[in-house]
Amino acid sequence: MEDNKEHKFEAGEICSMEYGINMNLVRFYEVTRVSKSNVWFERIDESFEHDGYGQEGWKLPLPSSSRRSQEFRLKIYMSVDKKNNTNQYAHMKHRGIIKKWNGKPIYYNCMD
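Remember, predicted model here, so these are calculated numbers, not experimental data. (Residues numbered from 1 in each chain as written. Predicted model: local features only at pLDDT ≥ 70, side-chain atom pairs only at ≥ 80, totals over all residues. Heavy atoms only, no water.)

## Quick look at the overall build of the protein chain
For the record, the criterion: Secondary structure elements follow DSSP: runs of H or I no shorter than four residues count as helices, runs of E no shorter than two count as strands, and numbering proceeds from the N terminus. Just to be clear, the radius of gyration here is over C-alpha atoms, and the globule rule we use is 2.2 Å times residues to the power 0.38. Partly exposed residues are those whose accessible area sits between 20% and 50% of the maximum for their type, while under 20% is buried and over 50% is exposed, using a 1.4 Å probe and protein chains only. Here, residues are in contact when the closest pair of their heavy atoms is within 4.5 Å. Reported accessibility uses the Shrake-Rupley method at a 1.4 Å probe radius. Residues are deemed covered only where the shown protein chains occlude them. When charges are counted, Lys and Arg are positive and Asp and Glu negative, with His and the chain ends excluded. Where a charge sits is defined by one atom per residue type, namely NZ (Lys), CZ (Arg), CG (Asp) or CD (Glu).
Regarding its fold elements, the protein chain presents 0 helices and 9 strands. Traced from its N-terminal end to its C-terminal end, the protein chain shows the element sequence β-β-β-β-β-β-β-β-β. Computed over its C-alpha atoms, the radius of gyration of the protein chain comes to 14 Å, within 12% of the 13 Å expected for a compact globule of 112 residues. Dimensions of the protein chain along its principal axes, counting C-alpha atoms only, are 45 × 35 × 30 Å. Split into buried and exposed, the 112 residues of the protein chain put 37% on the buried side. Excluding contacts between residues fewer than 6 apart, the proportion of contacts in the protein chain whose partners are at least 24 apart in sequence is 55%. Per element, the accessible surface of the protein chain, about 7,500 Å² overall, is 47% carbon and sulfur. Counting 18 positive and 16 negative side-chain charges, the protein chain places the centres of these two groups 7 Å from one another.

What follows is the structure, encoded as structure tokens:
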């Protein structure tokens, strides 16, 4: 079962970040390289199935899209889950936590 595994960042892996205080904003990233204490990402494009107004719906990454941000670096942090598995994550200041994407559509809501 996926929940019982430890996670370390790997190049080529898709990650997600959900953030927002009263909203659920979503961004996707691809890991481009990893060192002992840092991880590099590129923001990647996403598809969006919405309510017809673009205010809420579901997002999925589009890793094959050529629309990407410049590569950027973040420090790797460690967390321990309830089963004592160690998991890596990155933190983007004033935004949120970037972690491995679970492969499922993520709910998006920009209604404040």
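## Focus: the pairing of strand 8 (residues 96-100)
Worth spelling out the cut-off: Strands are labelled as partners when DSSP assigns at least two bridges between them.
As judged from the 3 bridges shared by strand 1 (residues 14-19) and strand 8, these two strands associate in the antiparallel manner. In the strand pairing of strand 8, methionine 17 is matched with isoleucine 98. With 3 bridges connecting them, strand 7 (residues 86-92) and strand 8 associate as antiparallel partners. The residue bridging alanine 90 from the neighbouring strand is isoleucine 98, located in strand 8.

## Examining the sheet that holds strand 2 (residues 25-34)
In plain terms, the rule: Between N-to-C directions, angles cover 0 to 180 degrees, with each direction set by a line fitted to C-alpha atoms, over the stretch in contact for helices.
With antiparallel pairing, 6 strands are arranged side by side around a closed barrel as 1-2-3-6-7-8. Direction aside, neighbouring strands of the sheet carry axes that sit 45° apart on average. Relative to strand 2, strand 1 runs antiparallel, the two sharing 6 bridges. Counterpart to isoleucine 14 in the pairing with strand 2 is glutamate 30.

## A word on the sheet that holds strand 5 (residues 56-61)
Pairing within the open sheet is antiparallel, and its 3 strands lie in the order 4-5-9. Of all the strands in the sheet, the pair left with one neighbour each is strand 4 (46-50) and strand 9 (106-109). Averaged over all pairs of adjacent strands, the angle between strand axes in this sheet comes to 35°, irrespective of strand direction.

## Describing the side chain of asparagine 38
Selection rule: Within 3.5 Å is the distance limit for a polar contact, defined as a pair of N or O atoms, with the added protein rule that one can donate a hydrogen and the other accept it, and that residues adjacent in sequence qualify only through two side-chain atoms.
Take asparagine 38: it is sitting in strand 3 (residues 38-44). One polar contact links asparagine 38 to serine 37, side chain to side chain, over a distance of 3.4 Å.

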